[in-house]
Amino acid sequence: MKKYIGIALLVIGIIGFFYSANQKNEKEIFSKRASSSNIEKMDVAVLANQTYEIKFWGVDEEMTGTYEPPHFEADIKILDRQKLVLFDEELVSITEREIGGKRVTHDGTSYSHSPTVDETIEIQVQIKRGDYIDIEIYENLSSEADALPGFSIILALIGLVLYLRGRKKA
């Protein structure tokens, strides 16, 4: 019996993981990688009575063996149509880890925006130090969308353990 419950949980976990990834892709309305040290400005049209999740993820990579540790620093601003600042943050990351012969530092932040009228928001990004920053905007992304992939993986792992235990006893 454990074997069949394990298989069911494993299948549900795998389907849930791919479903969550697909949902996130369907809700994405804007994606850009900024890598210039100049101020990059992006205009994005947003609709009234919708919720937009704007996510930023900055990365700096340095080859192992170089003397300079990875360090990411960027200024992020979001302005509305009257040029009023909605979001202003300096994103800084100095914590590093080694991945495949590279020392990497990365960090991210997000901002949720719910406009009352149709408008165009302006996103300004300036990288002071680092390689690039990814900007993604999602429309009406549920708060469970961030937790579903992790939950699905945990469910699949529980299913795998139950399947292996059930197979062992048979």
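Refer to the structure presented above.
Residues numbered from 1 in each chain as written. Predicted model: local features only at pLDDT ≥ 70, side-chain atom pairs only at ≥ 80, totals over all residues. Heavy atoms only, no water.

Engineer: Looking at this structure, I do not really get helix α1 (residues 2-27). What am I missing?
Structural biologist: The periodicity of an α-helix, 3.6 residues per turn, causes residues three or four positions apart to be oriented the same way. The terminal C-alpha atoms of α1 lie 37 Å apart, and with 26 residues this matches the ideal 38 Å at 1.5 Å per residue to within 8%. Those residues of α1 that fall on the buried side of the exposure criterion are G6, G13, G16 and S20. (Helix = DSSP H or I, 4+ residues; strand = E, 2+ residues; numbered from the N terminus. Expected span 1.5 Å × (residues − 1). Buried < 20%, exposed > 50% of the residue type's maximum accessible area, 1.4 Å probe, protein only.)

Engineer: Is there a simple way to explain the environment of I127 in this structure?
Structural biologist: When you line up the elements, I127 lands in strand β8 (residues 119-129). Among the residues examined, I127 registers a relative accessible area of 4% and is labelled buried. Filtering out sequence-adjacent residues up to four positions away, I127 remains in contact with A34, S35, S36, S37, F72, E73, A74, Y132 and I133. (Contact = heavy atoms within 4.5 Å.)

Engineer: Can you help me understand the side chain of D80 in this one?
Structural biologist: By secondary structure assignment, the location of D80 is in the loop between β4 (72-79) and β5 (85-93). Here D80 is buried and forms no salt bridge, its nearest opposite-charge partner R81 lying at an N-O distance of 6.3 Å. Setting aside chain neighbours within four positions, we find D80 in contact with L86, E119 and T120. (Lys, Arg positive; Asp, Glu negative; His and termini not counted. Salt bridge = Lys/Arg side-chain N within 4 Å of Asp/Glu carboxyl O.)

Engineer: Can you help me understand the side chain of T109 in this one?
Structural biologist: By the secondary structure assignment, T109 is in strand β7 (residues 102-113). Judged by relative accessible area, which is 17%, T109 ranks as buried. A polar atom in the side chain of T109 sits 3.3 Å from the side chain of E89. Residues contacting T109, with those up to four places away along its chain left out, are I54, K55, F56, I76, F87, E89 and L91. (Polar contact = N/O pair within 3.5 Å; in protein donor to acceptor, adjacent residues only side chain to side chain.)

Engineer: Would you mind going over the sheet that holds β8 with me for this structure?
Structural biologist: Note: strands within a sheet are paired through backbone hydrogen bonds, in either parallel or antiparallel orientation. Within the open sheet, the 4 strands sit side by side as β2-β8-β4-β5. Their pairing is antiparallel. Only two strands of the sheet have a single partner each, and these edge strands are β2 (40-46) and β5. Strand after strand, the sheet turns through a mean of 15° between neighbouring axes, direction not considered. (Pairing = 2+ DSSP bridges. Axes fitted to C-alpha atoms, helices over the stretch in contact; angles between N-to-C directions.)

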